[in-house]
Amino acid sequence: MRYFGIILLVVFFFSCSEESGKNSDDFSYLPEAVGGYSTVNIIADQPLWDNGLKAQVQPVFERQIEGLLNPETEFDITTVRSKVFNRLFKRQRALLIFVTSKKVRQEGVSVKKNVYADGQIVVQLAAKTSDAAITLFKNKKDEIFQVIDHHRTTMIQKLARKKNNDQLEDRLLNNHGIGMIIPKSYRLGMDSLNFFYAFKQGEMKCEKFNHKNCYYQTGVFSYFFNYTDQGIFTPEKFIALRDSVTKIYIEGKTTRDSVRSYMQVYKDFPVATKNITINGQFAYEVKGWWDMKNGTMGGPFVSVATVDEMRNRVIVTDAFVFGPNFNKRRFIKELEAICLSTKGF
């Protein structure tokens, strides 16, 4: 975690509702937001941060990402003293601002978008005292995390739409009635009666060890089946379903020609599941770790099953990454955003 000092007043809003200065599709004269998609900038007085706020904020944003063997945090935290908050930090992508003053008329949480920069989320907590500010955050921490996390997903999707693969998206839509954002860098792996697979391979500077460039691969596949009841949405049944699909379609390499290698869920590591909503429809998200039967590869995966009520089917979009020389957050957050863009037509 870093601590920066800079100069400015924090003058803001004290409503409890989410607001936006403009439609996200409108042209903006604001500069583009800067900073990492997984960085939260905390604007607070240093005494407030040191005397209780830090202990509350860090566990919320520095929690471990589910589904990873090696721990990585959901967000990085940068702290900025509120008295020295200047133009440099105004443009950051995610701002969490704490205002404490006896002049505060209404204590509460407010959310605004595109305040200082286009593509920005600003969450402000206003309270009369430091203790009240800490209590307010404790009571609203889950909602605050969800707002910032959702904004991260939305911004990743927005970037992917700007650089999307029209041909693959049209093929998936026309052949299977499934809409999904597919980045331009992806290539077609397979398109069969009930299975669509796209992947990306590349090299970039390693994050681990002393290699210059390292190989990575990400893949996204989608399939569907008739919806009968919600009994399918359990970890055990979902793992069995995923394994049955990847055993057929996602093969690996093996040193023995007589032995077949294929992807499966790594059983010695628990999966994380939760019920979510996408476009007003029920969905089920699974995060875990995969490995190769009769192989040595492995990595995290995220899978999202959505109920397509119009066609009475369940659409599953699954994404995985192989990159042993890299931290996984950048990959898994992009892949999760892709999965969450799935929609039936």
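Whatever comes next refers back to the structure up there.
### Concerning the overall build of the protein
When helices and strands are counted, the protein shows 6 helices and 17 strands. The C-alpha atoms of the protein give 22 Å as radius of gyration, which agrees with the globular expectation for 345 residues (20 Å, within 12%). Counting across all 345 residues of the protein, residues that qualify as buried make up 49%. Taken as a whole, the protein presents about 17600 Å² of accessible surface, with 49% of it coming from carbon and sulfur. If you average the places of the 48 positive and of the 37 negative side-chain charges in the protein, the two averages end up 5 Å apart.

### Focus: empty space enclosed by the protein
This model, assessed by the stated rule, comprises 1 cavity of 30 Å³ or more. In this structure, the largest cavity spans a volume of roughly 40 Å³. Lining the largest cavity are Tyr37, Phe75, Arg93, Ala94, Ile121, Ile148, His151 and Arg152. Top contributing element to the lining of the largest cavity by residue count: helix 3 (residues 130-162), with 3 residues. Split by residue class, the lining of the largest cavity holds 5 nonpolar, 1 polar and 2 charged.

### Quick word on helix 5 (residues 235-249)
For helix 5, with 15 residues, the first-to-last C-alpha span of 21 Å sits near the 21 Å given by 1.5 Å per residue. Of the residues making up helix 5, those classed as buried are Phe238, Ile239, Leu241, Arg242, Asp243, Val245 and Thr246.

### Considerations on the state of the cysteines
Considering all chains together, one arrives at 1 disulfide under this definition. Disulfide partner of Cys206: Cys214, at an S-S distance of 1.6 Å. Note on the Cys206 and Cys214 pair: the S-S dihedral is about 100°, so by sign convention the disulfide is right-handed. Classification of Cys206 by relative accessible area gives buried; the value is 11%. Using a relative accessible area of 4% as the deciding quantity, one classes Cys214 as buried.

### A few points about the nonpolar core
If you look at the biggest cluster of nonpolar residues, it comprises 30 residues, and the most contacted ones within it are Ile182, Tyr186, Val220 and Leu335. When residues of this core are traced back to their parent elements, those giving at least two are helix 4 (166-176), strand 10 (195-205), strand 11 (213-226), strand 13 (272-278), strand 14 (281-293), strand 15 (298-308), strand 16 (313-322) and helix 6 (329-340). For Leu335, the contacting residues outside a window of four places in its chain are Tyr186, Thr218, Gly219, Val220, Val302, Ala319, Phe320 and Val321. Trp290, Phe301, Val316 and Phe322 belong to the second-largest nonpolar core, a separate cluster that totals 26 residues.

### Some thoughts on the layout of surface pockets
In this structure, the largest pocket occupies an estimated 720 Å³ of space. Contributing to the lining of the largest pocket are 27 residues, with Asp149, His150, Thr153, Ile276 and Leu340 lying nearest its centre. Elements with a contribution of two residues or more to the lining of the largest pocket: helix 3, strand 13, strand 14 and helix 6. A total of 10 residues in the lining of the largest pocket trace back to one element, the largest contributor, which is helix 3. In the lining of the largest pocket, the residues fall into 4 nonpolar, 10 polar and 13 charged. In this structure, the second largest pocket spans a volume of roughly 490 Å³. Taken together, 20 residues make up the lining of the second largest pocket; nearest its centre are Tyr37, Ile156, Arg330, Phe331 and Glu334.

### Remarks on the pattern of salt bridges
Tallied over the full model, the rule gives 15 salt bridges. Glu285 is paired through a salt bridge with Lys274; the nearest N and O atoms lie 3.7 Å apart. One end of the pair, Glu285, is in strand 14; the other, Lys274, is in strand 13, and 11 residues separate them in sequence.

### Regarding the environment of Asp118
With respect to the secondary-structure elements, Asp118 resides in the loop between strand 6 (108-113) and strand 7 (121-127). Residue Asp118 is classed as buried on the basis of its relative accessible area of 11%. A sequence separation of 89 residues divides Asp118 from Tyr29, and the C-alpha atoms of the two residues are 8.2 Å apart. In contact with Asp118, not counting residues within four places along its chain, are Ser28, Leu30, Pro31, Glu32, Ala33 and Lys158.

### A few points about the packing of aromatic side chains
Counted under the stated rule, the structure contains 20 aromatic pairs. With 6.5 Å between their ring centres and 50° between their planes, Phe221 and Phe320 make a pair best called tilted. Residue Phe221 is located in strand 11, and its partner Phe320 is located in strand 16; the two are separated by 99 residues in the primary sequence. Accessibility assignment for this pair places Phe221 and Phe320 in one class, buried. When the centroid spacing of 5.6 Å and the interplanar angle of 55° are considered together, the rings of Phe233 and Tyr284 count as tilted. Within this pair, whereas Phe233 is found in the loop between strand 11 and helix 5, its partner Tyr284 is found in strand 14, the two being separated by 51 residues in sequence. Of the residues examined, Phe233 reaches a relative accessible area of 9% and is grouped as buried. Residue placement shows Arg63 over the ring face of Phe145; its charged tip is 3.9 Å from the ring centre. For Arg313, the ring lying beneath its charged end belongs to Phe224, and the centroid distance is 4.8 Å.

### Points about the pairing of strand 3 (residues 39-44)
In terms of burial, strand 3 is a largely internal element, 6 of the 6 residues being buried. Alternating positions in strand 3 separate into two faces, Thr39, Asn41 and Ile43 on one and Val40, Ile42 and Ala44 on the other, with burial throughout. Where strand 3 meets strand 4 (residues 76-81), 6 bridges bridge the pair, whose relative direction is parallel. Following the sheet pairing, Ile42 is matched in strand 4 by Thr79.

What counts, and at which threshold
- Residues numbered from 1 in each chain as written.
- Predicted model: local features only at pLDDT ≥ 70, side-chain atom pairs only at ≥ 80, totals over all residues.
- Heavy atoms only, no water.
- Helix = DSSP H or I, 4+ residues; strand = E, 2+ residues; numbered from the N terminus.
- Rg over C-alpha atoms; globule rule 2.2 N^0.38 Å.
- Buried < 20%, exposed > 50% of the residue type's maximum accessible area, 1.4 Å probe, protein only.
- Areas by Shrake-Rupley, 256 points an atom, 1.4 Å probe, with all protein chains shown as cover.
- Lys, Arg positive; Asp, Glu negative; His and termini not counted.
- Charge placed at Lys NZ, Arg CZ, Asp CG, Glu CD.
- 1 Å grid on protein atoms, 1.4 Å probe; cavity = no way out; pocket = protein on both sides within 12 Å on 5 of 7 lines; lining within 4 Å.
- Points joined across faces, edges and corners; volume = space filled by probe spheres on them.
- Nonpolar A, V, L, I, M, F, W, Y, C, P; charged D, E, K, R; others polar.
- Expected span 1.5 Å × (residues − 1).
- Disulfide = S-S within 2.5 Å.
- Core = buried A, V, L, I, M, F, W, Y, C linked by side-chain atoms within 4.5 Å.
- Contact = heavy atoms within 4.5 Å.
- Salt bridge = Lys/Arg side-chain N within 4 Å of Asp/Glu carboxyl O.
- Phe/Tyr/Trp six-rings, centres within 6.5 Å; stacked < 30°, edge-to-face > 60°.
- Lys NZ or Arg CZ within 6 Å of the ring centre and 35° of its normal.
- Pairing = 2+ DSSP bridges.

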